[in-house]
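Topology and contacts: notes
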Amino acid sequence: MEKEKLREIIDRFDVVSTAVPYGNGHINDTYFCETSPGFILQRINVNVFKEPEGVMSNIERVTAHLRLKIQKEGGDPSRETLNLILARDGKSFVKTPDGDYFRLYDYIKDTVCHETAENEGQLFEAGRIFGRFQRMLDGFPADALFDTIPDFHNTPKRVKAFHDAINENKAGRAGACEEEIRGFEAFEKYAGLICGALEKGEIPERVTHNDTKLNNVLFDKETDKAVCVIDLDTVMSGSLLYDYGDALRFGASSAAEDERDLSRVFFDLKKFESFTKGFLLGAKGCVTKKELELMPVSALIMTFECGIRFLTDYLNGDVYFKIHRKEHNLDRARTQLKLIRDIERKLTDMEKTVSACAASV
Ligand code: ADP
Ligand code: GN1
Ligand code: MG
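Read on for an overview of the structure.

Rules and cut-offs
For every chain, the first residue of the written sequence is number 1, and numbering continues from 1 onward in sequence order. Think of it this way: whatever chain is written first is A, whatever ligand is written first is 1, and the rest follow in order. Only residues with pLDDT of at least 70 are given local features in this predicted model, and only at 80 or more are side-chain atom pairs given and counted; all residues enter the totals for whole chains, interfaces and linings. Heavy atoms from the whole structure form the basis of all side-chain values; hydrogens and water molecules are not counted. Every helix listed is a DSSP run of H or I at least four residues long, and every strand listed is a run of E at least two residues long, numbered separately from the N terminus. Exposure classes here rest on a 1.4 Å probe applied to the protein chains alone. A residue is buried below 20% of its type maximum, exposed above 50%, and partly exposed in between. In this scheme, a helix's expected span is set at 1.5 Å multiplied by one less than its residue total. A contact between two residues is defined here by any heavy atoms of the two lying within 4.5 Å. Polar contacts here mean pairs of N or O atoms no more than 3.5 Å apart (in protein, one a potential hydrogen donor and the other a potential acceptor; neighbouring residues in sequence count only if both atoms are side-chain atoms).

1. Let's talk about unusual backbone geometry
Cis rather than trans, the peptide bond between S36 and P37 has omega equal to -10°. By the secondary structure assignment, P37 is in the loop between β2 (29-33) and β3 (39-44). Unlike most non-glycine residues, D231 shows phi in positive territory, near 60°. Within the secondary structure layout, D231 lies in the loop between β10 (226-229) and β11 (236-238). Looking at D231, the relative accessible area reads 26%, which means it is partly exposed. A positive phi is found at K284, a non-glycine position, where the angle reads about 40°. Tracing the backbone through its elements, the reader meets K284 in the loop between α9 (269-283) and α10 (289-316). A relative accessible area of 60% means that K284 is categorised as exposed.

Okay, structure coming up:
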């Protein structure tokens, strides 16, 4: 977007600054405002988030709740949660005449994001902060939050969308990825396990983050301790297993989500163990017995779900996720397929690890 237009938008937040593109998200457009103190400006992707004002209302409420909890525990809310800057008219967003929505956050200084985990310590820290996120929102009325993307982690519905995309074959690519399609189909038997348990009331509905990628955690530049959970657009009602499983999908992989050399991609059990320890410690006893039981398979389900979402988008002609090269979505789908095959083989070991970690916290 043009610099001048961005400057005008920032001015509506009562800030004078220029903005430069920033970060590696697949959904929103993120800019860094260079003037001290820094700010993060984001254009909300309205193709993905059909009701951006609902998104902003959720973020306002959740960050206000987190701020109080962090204060109570003696933490620093200016670093440990996102802080929205209000626009001149008192709203938490600016709407442009073209229908674009922008929001501004304080830039959390001296932090970094990891695109792939470099060591197990980072996984422990990510687990601890996502577990803490769950604990701090335990008791927040989940049904009071707006459903920013209905059925976001409804895996059976994702399977249906996948089959629709295969049948419609909009971009004429189904023939070229037949092997991947068959590969994912072999795992469809797992799709209903989390949603089914939620429907039967075997596991609780909670306030969940729903997009627990490692790069949605800010780490302290010096100590590499997790500082803040970011990217709150998808915070809504869900299952703790969505957050746990999705974090492992990305964080416990040995390689980047879009690695082309599949011989480098496997599910790292050491990273899995570190994340699990951190998560159970951060969640401090708010995890139920049934949730514990489903934790290992949730990593498979969430990886499967994301894999078929990438492949669905490839089949539909790359209309959802940002891509940076031809076949980017197919490459992403292939890594997820490699991971679920590996996770399935390792499920028994993972079950033992979860039990051991649960017994030790
Ligand atoms: P997306 O939804 O597109 O993934 P994110 O909200 O995750 O967007 O932001 C993209 C990147 O911008 C993050 O990975 C992080 O590097 C950076 N970022 C976002 N918010 C902040 C913040 N408040 N302080 C510092 N960096 C941030
Ligand atoms: C998107 O916004 P980002 O890059 O953190 C997506 C997630 C996927 C992820 C895959 C709203 O997350 O669901 O798991 O890409 N977010 C949305 O990398 O669809
Ligand atoms: Mg993000």
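2. Section: helix α2 (residues 52-72)
Here α2 spans 30 Å end to end across 21 residues, near enough to the 30 Å set by a 1.5 Å rise per residue. P52, G54, V55, M56, N58, I59, V62, T63, L66 and I70 are the residues of α2 that are buried. Buried residues along α2 sit in contact with β3, α3 (77-80), β4 (84-85), β6 (101-106) and α4 (120-137). Backbone geometry just after α2 places G74 at a positive phi near 80°.

3. Section: α9
The end-to-end C-alpha separation of α9 is 21 Å, in line with the 21 Å expected for 15 residues at 1.5 Å each. Among all positions of α9, only K271, F272, S274, F275, T276, G278, F279, L280, G282 and A283 are buried. Buried-residue contacts for α9 involve α4, α8 (240-251), α10 and α11 (328-360). Between the side-chain oxygen of the N-cap and the backbone nitrogen of K270 there are 2.9 Å, and the N-cap of α9 in question is D268. K284 sits one or two positions beyond α9 and adopts a positive phi of about 40°.

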